[in-house]
Number of protein chains: 2
Amino acid sequence: MGQRSRTESTRSATMRAPARVVIARVEPEIDGGRHAIKRVEGEVVEVVVQAFSDGHDRLQGVLLHRRSEHDAWQEAWQEEPLEARPNDAWRGRFVVGPPGSEEYAVEIWIDAFGSWRAGLRKKVEAGVDVAADLQEGALLVRQASERAAARGGPDAGWLADATAVLARGGEPDAERLELALGEPLADAMARHPDRRSAARHAPGLFVQVERARARSGAWYEFFPRSCTDDPDRHGTFRDCEGRLRHAARMGFDVVYLPPIHPIGRTGRKGRDNARLAAPGDPGSPWAIGAAEGGHDAVHPALGTLDDFDHFVERARALGLEVALDVAFQCSPDHPWVAERPDWFRRRPDGSIHYAENPPKRYEDIYPLDFECEDWRGLWDALRDVVLFWIDHGVTIFRVDNPHTKPFAFWAWLIADVRRTHPETVWLSEAFTRPPLLQHLAKLGFSQSYTYFTWRNRRRELEDYVRELWSPPVAEYLRPNFFANTPDILHEYLQIGGPAAFVARLVLAATLADSYGIYGPPFELCEGAAVPGSEEYRGSEKYEIRSWDVDRPGGIASIVARMNRIRREQPALRAGQAPLFCEIDNEQLVAYARRPREGRNVVLVVVNLDPHHVQSGWVELPLEPLSLASDASFQVEDLLGGGRYLWTGGRNYVALDPAVAPAHVFLIRHRVRSESDFEYFL
Amino acid sequence: MGQRSRTESTRSATMRAPARVVIARVEPEIDGGRHAIKRVEGEVVEVVVQAFSDGHDRLQGVLLHRRSEHDAWQEAWQEEPLEARPNDAWRGRFVVGPPGSEEYAVEIWIDAFGSWRAGLRKKVEAGVDVAADLQEGALLVRQASERAAARGGPDAGWLADATAVLARGGEPDAERLELALGEPLADAMARHPDRRSAARHAPGLFVQVERARARSGAWYEFFPRSCTDDPDRHGTFRDCEGRLRHAARMGFDVVYLPPIHPIGRTGRKGRDNARLAAPGDPGSPWAIGAAEGGHDAVHPALGTLDDFDHFVERARALGLEVALDVAFQCSPDHPWVAERPDWFRRRPDGSIHYAENPPKRYEDIYPLDFECEDWRGLWDALRDVVLFWIDHGVTIFRVDNPHTKPFAFWAWLIADVRRTHPETVWLSEAFTRPPLLQHLAKLGFSQSYTYFTWRNRRRELEDYVRELWSPPVAEYLRPNFFANTPDILHEYLQIGGPAAFVARLVLAATLADSYGIYGPPFELCEGAAVPGSEEYRGSEKYEIRSWDVDRPGGIASIVARMNRIRREQPALRAGQAPLFCEIDNEQLVAYARRPREGRNVVLVVVNLDPHHVQSGWVELPLEPLSLASDASFQVEDLLGGGRYLWTGGRNYVALDPAVAPAHVFLIRHRVRSESDFEYFL
């Protein structure tokens, strides 16, 4: 051709042709890289890549990662090897550092030397003349020697010598072939690849790294005002110290308090959510703000800010962290209503819109107008509320109804706070449609409340847990399985008695890395509800209650044992997805848990029928658990005590709810030692 | 708060808060919008969106689309309605225009009036006071009236009147409620929405629109040099006119010719791929280039460029399009070897690298060095080859081994040519690993050769066809099912005789919108292969053959009937995915095809065993085919003739390969007319 060129392109002799390597897919990746995956410090990110090039050339590549904070563009990439897998796949892994943001990418190039070496081997085996090939190899080795020299180090001289041998000319002899095909040269060449042909995965992929508590922990929620023996007296932070000891004895990690701020008087709700409060009714803690202050104040009846600080300190001394409720809404008496009237939405008659979900009205609550003209001022003020409590030692926040405030607000707030406080942990309480719940997790919440309370039958439990563990959901959504909340006393608990509470406790504590209960009603097996609803009768949301946590019939000791098992078994702290077992009784659910690393195996069997003995044959998935089909092994019930000798995959279980509705078995592998002496691991 | 603000943010009173609407997913979308979906002109794009907002507000939205060529940013978006579907989904559709590139997006906003109206209705039903609500509504209607006035048109006045009625004050009366809740106001408000809150899906999503032939057509491949009665005489384009008539009689749409250029002499291969040609051997047409010219020249033995032009004209007169082979490689005698030595890769001794796949060598072919220093010059020259043949009336290109040239080259080439020639159709011959085959389709190839030839058993056929039709593959990869090629004579055809050829013909022609055969060997049922291989014995790749297309035992008349059926039945031209039927015999495969619109149903049943009668019970999927379970309907065998009356879903078929190995049934629905007279549709 050449006699004509219809489109004259701009030619630049120095510009290289586009990379021949195609990086078609990098996983994990959420929505094309729009959202970060999540890890806690020290966890591994395993990256799987699909990459290829035209022709027959071999590829080589590295996994890149670095911190991606303010100094993102200064910090150099660290490199990890990428291992070739079948079907044009590559795999690499890196361990994340301290809380913050990390970035990962892959770079893959044509492995000219490896391609040459593979071709040479085939030709030598086929008896084809390779004299010219050795000259080509010499050229590649010489170039590597030059790269090595530029970097310094011992390889340059050795590679130069190898170049001379390969380039010697004449018939290919055994010495030259051995050098060309041998491992020493391949290793040295791999240290000095020609990466000018490298393709890099274009969009930035990010990891949100958090502290370990963001992933796993046992939560205990309680109302601080209900911490006295006398329901007519408003409890104080000082009174709460007994409740802290109770929580610590049960082995919890986090105590979470509903809002602790002054409560409005206008529109105050009465007991059992009566439309009007009677004199003396304390009101709902979520109707935040009064003359005494707003979101940065403490309810005077609970004590002072100093008392709160002391409470946080006491908790810390007991090994407990305090989590606060973030409910960004105001009572009509909140100071902002007078000071910043422009932050609220008004009706044509000038009155402020109270919250409503027609025809229901919440006259004790004014929503904030996140779209008001001074939205930046409002958003900053709300961010400052969070920073205020961080200054008072709180870094775990349970966010009330985030799905009723703009998504963009949460994305901004969490990122902005994390910039200076990467230690903050955020739990989203979005009991709403799945896409919204998931989107909040993608935006940065550390953990999410889930539909767990409403999954009580075997198949729906299995399906739901599988859904939460399936990719990509498990990469960005960490469930926190609350067994009850002040808003949700499921019918199963209302009618099931203590066996139901134990069953739900065991499920929550072994199916999710984070779980929680709202106590003391939970450990006291309180099942009294407003008829036809999931609301507690005499709910603490609207009145002060007093609880005798030592009264007979409670399950505090079982809660304590369950939390101890969680701490002791790596499989339950940060394990792999539950492995559900076949079992020939729909009232029984069984699943095995394994840690990411190591041999620990816990098998949980729960009787979902709180009224009758249920029995069946459990089919253990032997292969994934690395158990031989004819092996005998010991199972020890960590919850109820007792040891059993099982053989093979099929074993019998019977659970009497009157005795114990669940087994939490540790499977003890039988190991044959070198001295032929058998012991259990 | 407000007493401190740790981070002073830049405030701008005029900047609105971020959009509250989240557009979480838009489909179809390939790799996050990196690649275009494909349509042919007049086809529909159905877009499904997942979108939501915080809170209880209702949403409203539109689907946007426009041409996206040079004038992309000038052309205004066209809008189509988005219909709300369950689970936060929205659906809209648009019809694509002429070949070129189109762009689509969605815009969704808070429907303030609709939210208000829904709340008002609930409150009215609950007997709640709505006086203040009517004032709020009046405000919304007044704002819409102002928007309507700004645009002109009749709504402004009417909305202003409605504002006055709603704002009248006093107790809400029947007239005002009827106005507020009625359809006329809702319709007028929907015409003037407040779209300031709109979110728009961020990445551009593109549709590559092509002409209809890019999607469907019947292809006939033949070697022009083999078009004489005398195997010792090289056929000419004039000789080929008989072959064109033959192809036209069989009802094909496209005739595809292997390379028609001068063939190199250096390293020329002999008959049956002998390493050295004997005197008089014509060589492989893929060894392109000789003293007589390169990629823009015609082999002198075929005729002149004028003869080629005449051939293209004759084809067109017979309703056939000519497709050429694009094989970007050179024989050692190609003019470029002397003129542009820098476009080839050299060995250290200065010789040019011939093609090899160690230990195999192709001494008759020099690959081009797509990464040479003057890569832009080379790429332009190759693009000019394509433009040259476009000037000679060819707009369909079958690309030889695209996976051995850089992917970036194809992306550039096809886009660059399409800019001025959107009518070009590109078929990728990438018999390589699935990710590479798929990636070439993503980069812009109109159609792809597939693994169809190697899928001969029922389950593997079903699995493979399902894979090709599954999203997102079906959005970017259009299969062209070749039943044989000069490189692939599958063992099934080698040993199956005419019944095997008919079975594969029917499968290819009814399972993909585009299909092809390499003839005359196919319609003459030539099964003679080089032993232990899929190569034809006496392959036309290396020698001139002559064929008596009218010799007895051929299946040309069946091919003709099959192509006529394809033309007549919309279900087979551009239908929905094949619907495979259960059938109790692994040697039988059965599937129904339906068009995108309309009632046409074709049921294909093929006996995969070319040697024995096979019979079984076909289970028709009645519901997707809109057939009643107790209905009788007529099935007419369009291929073999004969009509049968079937009832319900389960019916018996028996196929004798000696008679006909396949049924292609038209299902005639029985329709009861208004006059109660039954007839078949």
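Below is a short write-up of the structure. Counting restarts for each chain, with residues numbered from 1 along the sequence as it is written. Chain letters start at A and ligand numbers start at 1, both assigned in the order the entries are written. Whole-chain, interface and lining totals are the exception, using all residues; otherwise, since this is a predicted model, local features are given only for residues with pLDDT of at least 70 and side-chain atom pairs are given and counted only at 80 or more. To get the side-chain values, all heavy atoms of the structure are used, and hydrogens and water are removed first.

### Some remarks on the overall build of chain A
Next up, step 1: Where helices and strands are cited, they refer to DSSP runs of H or I of at least four residues and of E of at least two residues respectively, numbered from the N terminus. The secondary structure content of chain A amounts to 16 helices and 33 strands.
Next up, step 2: With respect to the principal axes defined by its C-alpha atoms, chain A has extents near 105 × 70 × 45 Å.
Next up, step 3: In chain A, which comprises 681 residues, the share counted as buried stands at 58%.
Next up, step 4: Surface summary for chain A: the accessible area is close to 27,300 Å², and the carbon and sulfur share equals 50%.
Next up, step 5: The positive count covers Lys and Arg only, the negative count covers Asp and Glu only, and His and the chain ends enter neither. Note that the charge is assigned to NZ on lysines, CZ on arginines, CG on aspartates and CD on glutamates. Between the centroid of the 83 positive side chains of chain A and the centroid of its 101 negative side chains there is a distance of 2 Å. Categorising residues by exposure relies on relative accessible area from a 1.4 Å probe, with only protein chains included: less than 20% of the type maximum marks a residue as buried, more than 50% marks it as exposed, and the intermediate range marks it as partly exposed. Method for areas: the Shrake-Rupley scheme with a 1.4 Å probe, in which residue coverage is limited to the protein chains shown.

### Quick look at the relation of the copies chain A and chain B
In this structure, two copies of a chain are linked by a rotation about an axis accompanied by a shift along it.
Next up, step 1: Superposing chain A onto chain B takes a rotation of 180 degrees combined with a translation of 0.1 Å along the rotation axis, leaving an RMSD of 0.1 Å. Here the copies are linked by what is in effect a two-fold axis. Using C-alpha coordinates, one finds that chain A approaches the rotation axis most closely at A:Gly32, a distance of 2.7 Å.
Next up, step 2: Should any heavy atoms of two residues lie within 4.5 Å, those residues are considered in contact. In this assembly the copies share their binding face: 100% of the residues contributing to the interface of chain A also contribute to that of chain B. Superposing copies: least-squares fit, C-alpha atoms only, residues required to have pLDDT of at least 70 in both.

### Some remarks on the sheet that holds strand β27 (residues 614-619) of chain B
Residue and element names in this part refer to chain B.
Next up, step 1: A pair of strands is labelled paired if DSSP reports no fewer than 2 bridges between them. An order of β24-β27-β30 is seen for the 3 strands of this open sheet, with the pairing classed as antiparallel. Of all strands in the sheet, those bounded by a partner on one side alone are β24 (582-583) and β30 (650-655).
Next up, step 2: Bridge count between β27 and β30: 6 bridges; the pairing is antiparallel. Within β30, the position partnered with Ser-615 by the bridge is Ala-654.

### With respect to the interface of chain A and chain B
Next up, step 1: Counting from both sides, the interface comprises 75 residues of chain A and, opposite them, 75 residues of chain B.
Next up, step 2: For salt bridges, the criterion is a side-chain nitrogen of Lys or Arg within 4 Å of an Asp or Glu carboxyl oxygen. The interface formed by chain A and chain B holds 10 salt bridges in total.
Next up, step 3: Here A:Glu371 makes a salt bridge to B:Arg20, at a shortest N to O gap of 3.3 Å.
Next up, step 4: When residues of the side of chain A that touches chain B are traced back to their parent elements, those giving at least two are β1 (21-27), β3 (44-53), α1 (112-126), α2 (131-151), β15 (355-357), α9 (375-391), α10 (407-420) and α11 (434-443) of chain A.
Next up, step 5: It is α9(A) that provides the largest number of residues to the side of chain A that touches chain B, a total of 12 residues.
Next up, step 6: For this classification, Asp, Glu, Lys and Arg are treated as charged, while Ala, Val, Leu, Ile, Met, Phe, Trp, Tyr, Cys and Pro are nonpolar and the rest, including Gly, are polar. Looking at the side of chain A that touches chain B residue by residue, the class counts come to 29 nonpolar, 18 polar and 28 charged.

### Thoughts on the side chain of A:His392
All names here are of chain A.
Next up, step 1: With respect to the secondary-structure elements, His-392 resides in the loop between α9 and β18 (396-400).
Next up, step 2: Classification of His-392 by relative accessible area gives buried; the value is 18%.
Next up, step 3: Sequence-distant contacts of His-392, defined by excluding residues within four places in its chain, comprise Leu-305, Phe-308, Asp-309 and Val-312.

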